[in-house]
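# Fold and geometry: a report
Given next are the chains, with one letter for each unit.
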Amino acid sequence: MVNTTIKTTKSQEVFAAAQNLMPGGVSSPVRAFKSVGGQPIVFDRVKGAYIWDVDGNQYIDYVGTWGPAICGHAHPEVIAALHEALEKGTSFGAPSTLENVLAEMVIDAVPSIEMVRFVNSGTEACMGVLRLMRAFTNREKIIKFEGCYHGHADAFLVKAGSGVATLGLPDSPGVPKLATSTTLTAPYNDLESVKALFEENRDEIAGVILEPVVGNAGFIAPDAGFLEGLRELTHEYGALLVFDEVMTGFRIAYGGAQEKFGVTPDLTTLGKVIGGGLPVGAYGGRRDIMSMVAPAGPVYQAGTLSGNPLAMTAGIKTLELLQKPGTYDYLERITKKLADGLLQIAKETGHVACGGQISAMFGLFFTSGPVNNYEDAKKSDTAKFGRFHRGMLERGVYLAPSQFEAGFTSFAHTEEDIEQTLAVARDVMSSL
Ligand SMILES: *Cc1c(COP(=O)(O)O)cnc(C)c1O
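Rules and cut-offs
- Residues numbered from 1 in each chain as written.
- Predicted model: local features only at pLDDT ≥ 70, side-chain atom pairs only at ≥ 80, totals over all residues.
- Heavy atoms only, no water.
- Pairing = 2+ DSSP bridges.
- Helix = DSSP H or I, 4+ residues; strand = E, 2+ residues; numbered from the N terminus.
- Near = heavy atom within 4 Å.
- Polar contact = N/O pair within 3.5 Å; in protein donor to acceptor, adjacent residues only side chain to side chain.
- Areas by Shrake-Rupley, 256 points an atom, 1.4 Å probe, with all protein chains shown as cover.
- Axes fitted to C-alpha atoms, helices over the stretch in contact; angles between N-to-C directions.
- Parallel < 35°, antiparallel > 145°, perpendicular 65-115°, else oblique.
- Left-handed = near helix turned anticlockwise from the far one by under 90°.
- Contact = heavy atoms within 4.5 Å.
- Nonpolar A, V, L, I, M, F, W, Y, C, P; charged D, E, K, R; others polar.
- Phe/Tyr/Trp six-rings, centres within 6.5 Å; stacked < 30°, edge-to-face > 60°.
- Buried < 20%, exposed > 50% of the residue type's maximum accessible area, 1.4 Å probe, protein only.

## Some points on the sheet that holds strand S1 (residues 43-47)
Within the open sheet, the four strands sit side by side as S1-S2-S3-S13. Their pairing is mixed. Because the sheet does not close on itself, it has two edges, and the strands there are S1 and strand S13 (397-398). Two elements, strand S3 (residues 58-61) and S13, share two bridges in a ladder whose sense is parallel. Counted as the bridge partner of Asp 61 is Tyr 398 from S13.

## Regarding the site of the ligand
Neighbouring residues of the ligand: Ser 121, Gly 122, Thr 123, Tyr 149, His 150, Gly 151, Glu 211, Asn 216, Asp 244, Val 246, Met 247 and Lys 272. Between Thr 123 and the ligand, the recorded distance is 2.6 Å, taken from a side-chain N or O atom to an oxygen atom. The side chain of Asn 216 places a nitrogen or oxygen atom 3.1 Å from an oxygen atom of the ligand. Taken by itself the ligand offers 380 Å² of open surface, and the protein chains cover 83% of this.

## Overview of the packing of helix H12 (residues 327-348) against helix H15 (residues 415-430)
Between two packed helices, the angle of one axis relative to the other and the distance separating the axes together describe the packing. For the pair H12 and H15, interaxial distance at closest approach is 10 Å and the crossing angle is 15°. Between H12 and H15, the interaxial angle falls into the category roughly parallel. When the axes of H12 and H15 are compared, the crossing they make is right-handed. Facing H12, whose interface residues are Tyr 330, Arg 333, Ile 334, Lys 337, Leu 338, Gly 341, Leu 342, Ile 345, Ala 346 and Glu 348, H15 presents Glu 415, Ile 418, Glu 419, Thr 421, Leu 422, Ala 425, Arg 426 and Met 429. A per-class count over the contact of H12 with H15 returns ten nonpolar, two polar and six charged.

## A short note on the packing of aromatic side chains
Within the structure shown, the criterion is met by twelve aromatic pairs. Taken together, a centroid distance of 5.2 Å and an interplanar angle of 75° make the contact between Phe 43 and Tyr 398 edge-to-face. Highlighted residues: Phe 43 in strand S1 and Tyr 398 in strand S13, separated in sequence by 355 residues. Phe 43 sits in the partly exposed class, given a relative accessible area of 35%. Tyr 398 gets classed as buried once you look at its relative accessible area, which sits at 8%. Measuring from centroid to centroid gives 5.0 Å for Phe 250 and Tyr 254, while their planes differ by 80°, and the two rings are edge-to-face. For the pair shown, Phe 250 and Tyr 254 are each scored as buried. An aromatic cluster is defined as three or more aromatic residues linked by ring pairs; in this entry it consists of Phe 33, Phe 43 and Tyr 398.

Given below as structure tokens:
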């Protein structure tokens with residue numbers, strides 16, 4: 001049942017060739033497995049909760065293409081809708097009814113969003129929102145939190161979590177000092193630090209941007225009162241509050257973390273789930289702020305493929321599937337079973353660990369915890385995580401290849417998948 005000797009000859013061949021063709025052999029850094037060691041597996045196809053690699057091995061997947069696959073990979077209804085849309089063409093570069101449909105769905109779902117702009121990635125959404133924050137407030141500085149990732153735009157590549165942390169790059173070469181000189185950082189869950197920054201930079205801070213539940217430094221939940229406190233501080237100092245819900249949107253709850261925690265920001269960024277596996281991002285928020293975006297207002301931002309019919313179709317169908325009654329109860333139940341099970345097994349097999357879960361997002365750190373911020377997360381035994389990761393992989397469970405990434409479930413994961421995963425984890429942890 002538990003497969004410990006997988007053959008990965010083809011994966012190794014393909015990845016060796018890739019390294020000559022693309023930097024590090026990948027199109028995005030964390031995929032290269034640098035932080036867990038060993039070689040990545042090369043995917044052939046995905047379906048539901050599973051992945052098959054080019055050597056024919058099957059894995060239970062907890063990455064879900066980094067979040068979008070919340071309905072499970074290649075959901076038959078999403079694929080059918082895409083087939084139909086494909087016949088009508090792949091890109092219009094002009095208004096389409098589909099954009100209205102998805103826009104209405106997003107506006108209905110997300111408390112802060114009264115108007116929305118579609119883009120092609122989470123990075124683009126965060127770049128757009130940054131320009132808008134500054135234009136609306138006529139201020140240049142922003143506050144972000146250590147370990148939070150907001151895409152790879154220059155201004156955000158300061159203490160930016162997973163991908164950057166994984167590579168051990170404190171900042172990236174090529175980012176001009178000027179681009180980050182207006183980026184102030186604070187430890188997550190630390191309201192006092194935020195208040196101090198506001199005091200030191202009176203009337204200069206455009207806003208605060210954060211992951212309302214962190215997924216890019218491993219899984220870190222906001223302390224009780226943290227989000228509320230940021231809402232109050234931003235009001236007090238005339239700054240905007242921006243929730244980067246690229247990861248948490250439609251995952252923590254249908255209306256995102258802002259619905260779950262009852263704190264409404266001024267602006268929100270989305271991505272991942274709303275594209276249903278196709279490239280989509282979005283930013284939206286208060287009508288008075290969004291009305292500044294071109295061509296309604298002077299703040300420029302554009303995109304050749306933005307709002308393209310395939311991406312809109314996958315997003316619409318994905319959100320429709322998520323609206324089915326019981327979806328989020330199910331996601332909560334299986335993910336809790338997984339996260340609690342992993343902690344219990346760690347304890348029984350003599351490992352120091354902590355972790356948690358909200359809805360379909362979870363994490364496990366090899367440190368005693370509690371992990372309230374990035375500094376805490378970095379105390380984790382990453383070498384042990386690497387061995388754990390490799391053991392799980394060799395026994396058919398695909399986890400994010402970094403200690404500093406959250407895990408994701410989908411409603412295609414069955415109770416049996418979770419039980420199988422826990423059985424494998426017991427096996428692996430016993431031999432760490
Ligand atoms: C993934 C992610 C991004 C970047 O999105 P891309 O589509 O990869 O550009 C931004 N913010 C958060 C919180 C994310 O998780």
